[in-house]
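Below are the chains, spelled out letter by letter.
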Amino acid sequence: MSLTPFTLYTGGFSPNGNKITIACEELGLPYENKMIDLMKGEQREEWYLAINPNGRIPSLIDHNRGDFKVFESGAILLYLCDHYDKEGKLCPKDLDGRSEVTQWLMFQMAGVGPMQGQANHFYRYAQEKIEYGVKRYQDEVKRLKQWYQRRVRGKFWGAGKEQQTSTITVLTERLEGYCAL
């Protein structure tokens, strides 16, 4: 089956955008990267808000399915798995395996991603250096990292025996360095 390339909107080096790029590559899906200039606020322009009402990256348009729009990296990963991962490369087809992958995906989406983002913000970008904010979020990222490392000790992948969506989400966050741990 020949697919029309997806349009992937992302911006620079972004863990969230990288998740989708990796998934597309692993699934052999064609895509065209459209870089959003976050510093200029392009993600808040009306044309982009029509794709992603939250004004964040990444967003994906699936031209193979009537220009269907998907936003939020976790939602895009699940969408790609549901529609294009026929072999179960990134998400198992059995319900228990899928549940395990979904749990890890939610761990990243609700824990690692937001905590690391806040740690990075308070460390790098806050106009006023608030030591409490820096320490609080860096400590939480360290806790999550230690928990994750205990979970995967002796394994390479977070869920199951193979590379899966859950592992892609955590690995792309680069649990060190990004927020000055």
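Residues numbered from 1 in each chain as written. Predicted model: local features only at pLDDT ≥ 70, side-chain atom pairs only at ≥ 80, totals over all residues. Heavy atoms only, no water.

Now for the overall build of the protein chain. Looking only at helices and strands, the protein chain features six helices and four strands. Looking at the protein chain as a whole, 45% of its 181 residues qualify as buried. Of the contacts formed within the protein chain by residues at least 6 apart in sequence, a portion of 61% connects residues at least 24 apart. For the protein chain, the accessible surface area stands at approximately 10000 Å², while carbon and sulfur atoms represent 51% of it. (Helix = DSSP H or I, 4+ residues; strand = E, 2+ residues; numbered from the N terminus. Buried < 20%, exposed > 50% of the residue type's maximum accessible area, 1.4 Å probe, protein only. Contact = heavy atoms within 4.5 Å. Areas by Shrake-Rupley, 256 points an atom, 1.4 Å probe, with all protein chains shown as cover.)

Turning to the confidence of the model for the protein chain, a few remarks are in order. Taken over all residues, the pLDDT of the protein chain has a mean of 85, while the share at 70 or more is 83%. Low confidence marks residues 174-179, where pLDDT is under 50. Its contacts with residues over four positions away, or in another chain, come to 22 contacts. (pLDDT = per-residue confidence, 0-100.)

Our next topic: the nonpolar core. Among the nonpolar cores identified, the biggest contains 19 residues, and Ile-20, Leu-29, Leu-60 and Leu-80 are the most heavily contacted of them. For this core, the secondary-structure elements that each account for two or more residues are β1 (6-10), α1 (15-27), α3 (73-84) and α4 (95-125). Leaving out residues up to four positions away in the same chain, Leu-29 has contacts with Leu-3, Phe-6, Cys-24, Leu-80 and Tyr-84. Core analysis: the next-biggest nonpolar cluster, separate from the first, contains twelve residues, Trp-104, Tyr-137, Val-141 and Leu-144 among them. (Core = buried A, V, L, I, M, F, W, Y, C linked by side-chain atoms within 4.5 Å.)

A regular strand carries its side chains on alternate faces of the sheet. β1 sits mainly inside the fold: five of its five residues count as buried. Burial of β1 is two-sided: the residues Phe-6, Leu-8 and Thr-10 facing one way and the residues Thr-7 and Tyr-9 facing the other way are all buried. Alignment of β1 against strand β2 (residues 31-35), held across five bridges, turns out to be parallel. Paired with Phe-6 across the two strands is Tyr-31, which belongs to β2. (Pairing = 2+ DSSP bridges.)

A few words now on the layout of surface pockets. Each pocket or cavity is described by its volume, and for the second largest pocket that value is around 160 Å³. Lining of the second largest pocket is provided by eleven residues; of these, Leu-27, Leu-29, Tyr-84, Asp-85 and Lys-86 occupy positions nearest its centre. Residue composition of the lining of the second largest pocket, by class: five nonpolar, two polar and four charged. (1 Å grid on protein atoms, 1.4 Å probe; cavity = no way out; pocket = protein on both sides within 12 Å on 5 of 7 lines; lining within 4 Å. Points joined across faces, edges and corners; volume = space filled by probe spheres on them. Nonpolar A, V, L, I, M, F, W, Y, C, P; charged D, E, K, R; others polar.)

With 31 residues, α4 extends 42 Å from end C-alpha to end C-alpha; this agrees with the ideal 45 Å at 1.5 Å per step. Gln-108 marks where α4 bends most, by close to 35 degrees. (Expected span 1.5 Å × (residues − 1). Bend = angle between axes of the 7 residues up to and from the residue.)

Another aspect to go through is helix α5 (residues 131-152). Relative to the 32 Å expected for 22 residues at 1.5 Å per residue, α5 spans 31 Å between its end C-alpha atoms, a close match to the ideal helical length. All of the buried residues in α5 are Gly-133, Val-134, Tyr-137, Gln-138, Glu-140, Val-141, Leu-144, Lys-145, Tyr-148 and Val-152. Along α5, the residues classed as buried sweep out an arc of 155 degrees about the axis, all on the same side. Residues of α5 that are exposed and angled more than 90 degrees away from the buried face: Glu-131, Tyr-132 and Lys-135. (Arc of directions from axis to C-beta.)

This next bit is on the packing of α4 against α5. α5 packs onto α4 with a crossing angle of 150 degrees between their chain directions and a minimal axis gap of 8 Å. It follows that α4 is roughly antiparallel to α5 by the angle criterion. As for the relative orientation of α4 and α5, their crossing is left-handed in sense. Of α5, the residues touching α4 (which contributes Glu-100, Trp-104, Phe-107, Gly-111, Val-112, Met-115, Gln-116, Gln-118, Ala-119, Phe-122 and Tyr-123) are Gly-133, Val-134, Arg-136, Tyr-137, Gln-138, Glu-140, Val-141, Leu-144, Trp-147, Tyr-148 and Arg-151. For the contact of α4 with α5, the per-class residue count stands at 13 nonpolar, five polar and four charged. (Axes fitted to C-alpha atoms, helices over the stretch in contact; angles between N-to-C directions. Parallel < 35°, antiparallel > 145°, perpendicular 65-115°, else oblique. Left-handed = near helix turned anticlockwise from the far one by under 90°.)

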